[in-house]
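Each chain, written out:
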Amino acid sequence: MADPLTQQSAWKDLNTHYDQIGSLHLRELFTDDPNRGQTFSLDAVGVHLDYSKNRINSETMSLLIALANQADLPARIEAMMSGEKINVTENRAVLHTALRAPKGADIRVDGENVVPGVHDVLERMGHFCNAITSGQWTGATGKPIRNVVNIGIGGSDLGPVMAYQALRHYSNRSLTMRFVSNVDGTDFAEATLGLDPAETLFIIASKTFTTQETMTNAITARDWLLSGLNADQSAVAKHFVALSTNAEQVTAFGIDTDNMFGFWDWVGGRYSMDAAIGLSTMLAIGPENFAEMLSGFREMDEHYRTAPLAQNLPVIMGLLTVWYTNFFGAQTTAVLPYDQYLHRFPAYLQQLTMESNGKSVRLDNQQVDYATSPVYWGEPGTNGQHSFYQLIHQGTHLIPCDFIAFAKSLNAIGDHHDKLNANVFAQGEALAMGKTLQEVLDEGTPESLAPHRVFAGNRPSNTLLIEKLTPAVLGKLIALYEHSVYTQGVIWQINPFDQWGVELGKVLAKRIIPELESDSADLQHDSSTNQLIERYRSMKG
């Protein structure tokens, strides 16, 4: 294990450097370097990253790269991609990159090449999707499948929902796609409203087939189907498939294991949407587009693995997050896609980033003494401009922003797209440059009002500019953030691939469920929880 982060020479050098440039304004930086926009831009795998509107100079980037080298980042990247068991708390390899590896690749876990197994599942998924869309697969009454309902939670829902919305332009519009995740019965009721059970397929996504929320919804779906068809248990096999590894539980539920698509313990849920968990995505966009998405993932994987750190998109973005989180005290990052199809992308990134790096214990079991993951959030433009941009521009919090924009629209209507992108570029400029008091006064603003119209500027942002949103581009964007997250985790000396923080609440919920169902159950929680349970019982009647 390397020295504790704050004791490393590169960290100390960055501290000294921050004291020297932390108060510099982006106006000064752009004045000092008229070519700054070109100096701090990077093109790779079809993605243009302009990171010139960050509070950095060339020395900053050199020091951040030195920090990455001191963390042995290149070796840690290779360790992940070659199948070393870097998830030390669970003694597991971390191989989401193997899910999009080419067919002839050789990636080994415990001596076994896992790539053939991955492609076997992908091929089975493709055959299944073709059977559904061609009408070869029919429901219990002989009707073809017209409706698909994905039931999962966490990574088994956020990825599929985001990908379906992101790639809806490429989707089969003859299929109605719905998603259920919340154990709140309203989610299931609304998702199935108006659907014909005879034409509905349920995808149950749960590795263990024991996840409380997912299995509660799955049992409700089974009851809904059998009641709607007035059928017996045998109908389940024609209307349910499983994304799981628990054959025994899948069989007991009534699903034919021939229609069970498995995955592996070396893939975390939030990294799994490009394999079996992506079955709903493949159904929606077809196997060919799904393969194109995988190729985009693969391009970014290879870029991350092979590009020098200073020309490496995920490395640059990850290091900038460390810079703002640990030296400027930034607590959040806004992700702002200027494409309506990506409206669920920030929600997807919330799990990817915060479940990964929301940690306070280092790999050596010691408590961290520095900040780790910021809070990620966002909305698509231009909606956010009329919501929370006020705080980003004039509030008291420093909020680094990632703008995501596309040169070509998938729905070219009038001048919409030029107006959309004018807003992207304008927001980045306004955040960086701001407007001084003198500039406000020169516009004729009364002195009494002028302070309210001042924009301090010096608010940092990245802009990702890409030609067009395609399945491959979506894969690149997801992999970009996956690898940025890993870069941050390596620097912070934490494990981005476990999620023990989600366990305690689950355990306590299982204890509380029977207490809510029986007035006689003895309550032994804290006084607040006890009185809430008692009040709930009373109100429930």
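Sequence order sets the numbering: in each chain, residues are counted from 1 along the sequence as written. With the structure being a predicted model, the display of local features is reserved for residues of pLDDT at least 70 and the display and counting of side-chain atom pairs for 80 or more, all residues being used for whole-chain, interface and lining totals. Only hydrogens and water are set aside when side-chain values are computed; all heavy atoms of the structure are taken into account.

The protein chain goes by Glucose-6-phosphate isomerase in an unreviewed UniProt entry, where it is assigned to Stieleria bergensis. UniProt positions are given in the numbering used here, feature names are shortened, and annotations may be inferred rather than shown by experiment. Per UniProt, the protein chain has the following entry under Subcellular location (unreviewed entry): "Cytoplasm".

1. A few points about the sheet that holds strand E2 (residues 47–50)
Strands qualify as paired when DSSP identifies two bridges or more between them. Under the DSSP-based scheme used, a helix requires at least four consecutive residues in state H or I and a strand at least two consecutive residues in state E, with every element numbered from the N terminus. Strands sit in the order E1-E2-E13-E12-E10-E11 across an open sheet of six strands; the sheet is mixed. On the outer flanks of this sheet lie strand E1 (41–44) and strand E11 (375–377), each paired with one strand and no other. The sheet shows a mean angle of 15° between the axes of neighbouring strands, direction not considered. Summarising the sheet, strand E10 (residues 332–337) and E11 pair through three bridges and their orientation is parallel. Residue pairing across strands places threonine 332 opposite valine 375, the latter belonging to E11. Note on geometry: axes are lines fitted to C-alpha atoms, helical ones only across the stretch in contact, with angles between N-to-C directions running from 0 to 180 degrees.

2. Examining empty space enclosed by the protein
Empty space among the atoms becomes apparent when a probe as large as a water molecule is rolled across them. Each cavity reported here is a set of points on a 1 Å grid over the protein atoms alone in which a 1.4 Å probe fits but cannot get out, each pocket an open set with protein on both sides within 12 Å along at least five of seven lines, and each lining residue one with an atom within 4 Å of a point. Grid points are joined across faces, edges and corners, and a volume is the space filled by probe spheres set on the points. Summed over all chains, the structure comprises one cavity of 30 Å³ or more. As a volume, the largest cavity reaches approximately 130 Å³. Around the largest cavity sit 15 residues that line it, and Met317, Thr321, Thr333, Asp402 and Asn462 are the ones nearest its centre. Mapped by element, the contributors of at least two residues to the lining of the largest cavity are helix H13 (313–327), strand E12 (401–406), strand E13 (461–466) and helix H18 (471–492). Per-element accounting of the lining of the largest cavity gives the leading share, four residues, to H13. In this classification, the charged set is Asp, Glu, Lys and Arg, the nonpolar set is Ala, Val, Leu, Ile, Met, Phe, Trp, Tyr, Cys and Pro, and all remaining amino acids, among them Gly, are polar. Class assignment of the residues belonging to the lining of the largest cavity gives a composition of eight nonpolar, six polar and one charged.

3. Digging into the nonpolar core
By size, the foremost hydrophobic cluster in this structure holds 126 residues, and its most contacted members are Trp266 and Phe345. At 12 residues, the largest contribution of residues to this core is made by H18. Boundaries between domains were set according to an automatic or database domain assignment. No fewer than three residues from each of domain 1 (5–71 + 307–492) and domain 2 (97–290) sit in this core. Dropping the residues within four chain positions of it, tryptophan 266 is found in contact with Ala93, Val94, Leu95, His96, Ala98, Leu99, Val109, Val114 and Val118. Nonpolar cores are built from buried Ala, Val, Leu, Ile, Met, Phe, Trp, Tyr and Cys residues. Side-chain atoms within 4.5 Å join them into one set. Burial classes: relative accessible area under 20% of the type maximum marks a residue as buried, over 50% as exposed, and values in between as partly exposed (1.4 Å probe, protein chains only). The next biggest cluster of nonpolar side chains, apart from the first, holds 24 residues, and it includes Leu195, Ala198, Met215 and Ala242. What makes two residues a contact is simply this: any of their non-hydrogen atoms within 4.5 Å.

4. Remarks on unusual backbone geometry
Residue threonine 382 is reached from glycine 381 by a cis peptide bond, and omega for that bond is 5°. Its place among the elements puts threonine 382 in the loop between E11 and helix H15 (389–394). The phi dihedral of aspartate 72 is positive, around 60°, even though this residue is not glycine. Take aspartate 72: it is sitting in the loop between helix H4 (58–70) and helix H5 (73–81). For aspartate 110, which is not glycine, the phi torsion reads 55° and is therefore positive. Note that aspartate 110 resides in the loop between strand E3 (108–109) and strand E4 (112–113). Accessibility expressed as a relative area gives 64% for aspartate 110, which makes it exposed.

5. Remarks on the layout of surface pockets
By volume, the largest pocket is sized at about 1,200 Å³. Put simply, the parts of the chain that give the lining of the largest pocket at least two residues each are helix H7 (155–166), helix H9 (212–229), helix H14 (345–357) and helix H19 (503–517). Per-element accounting of the lining of the largest pocket gives the leading share, six residues, to H19. Residues from two domains meet in the lining of the largest pocket; each of domain 2 (97–290) and domain 3 (503–540) gives at least three.

6. Details of helix H20 (residues 527–540)
Between its terminal C-alpha atoms H20 stretches 20 Å, which fits the 20 Å expected from 14 residues at 1.5 Å a residue. Residues Asn530, Ile533 and Arg537 constitute the buried set of H20. The arc that holds every buried residue of H20, seen down its axis, measures 65°, which confines them to one face. The outward face of H20, more than 90 degrees from its buried face, is lined by the exposed residues Ser527, Leu532, Arg535, Ser538 and Met539. Lining the buried residues of H20 we find H19. The N-capping residue of H20, defined by a side-chain oxygen 3.0 Å from the backbone nitrogen of serine 528, is aspartate 526. Immediately downstream of H20, the backbone of glycine 541 shows phi near 75°, a positive value. Expected helix span is given by 1.5 Å per residue-to-residue step, counting one fewer step than there are residues. To be clear, the arc concerns the directions from the helix axis to the C-beta atoms. Any N or O atom pair separated by 3.5 Å or less is treated as a polar contact, with the protein-specific requirement of one donor-capable and one acceptor-capable atom, and with residues adjacent in sequence counted only for side-chain atom pairs.

7. Thoughts on the sheet that holds strand E8 (residues 240–243)
Taken together, five strands build an open sheet; the order of strands is E6-E5-E7-E8-E9 and the sheet is parallel. Here the strands that pair on one side only, and so sit at the sheet edges, are strand E6 (176–180) and strand E9 (260–261). In the sheet, strand E7 (residues 200–205) pairs with E8 via four bridges, with the strands oriented parallel. Looking across to E8, one finds that isoleucine 204 is bridged to alanine 242. Strands strand E5 (147–151), E6, E7 and E8 of the sheet are contacted by H9, whose axis makes an angle of about 160° with E7.

8. Observations concerning the UniProt feature "active site" (unreviewed entry) in the protein chain
Residues given the UniProt feature "active site" (unreviewed entry) here are Glu355, His386 and Lys506. These annotated residues cover 152 residues of sequence, and their C-alpha atoms reach 37.1 Å apart at the extreme, placing them across more than a single site. Looking only at the residues we just named, the largest pocket is lined by Glu355 and Lys506. Inspection of the secondary structure puts glutamate 355 in helix H14. Setting aside residues no more than four positions away along its own chain, glutamate 355 makes contact with Arg270, Gln350, Asp498, Gln499 and Val502. Side-chain polar atoms of glutamate 355 contact the side chain of arginine 270, separated by 2.9 Å. Mapped onto the fold, histidine 386 is located in the loop between E11 and H15. Accessibility expressed as a relative area gives 73% for histidine 386, which makes it exposed.

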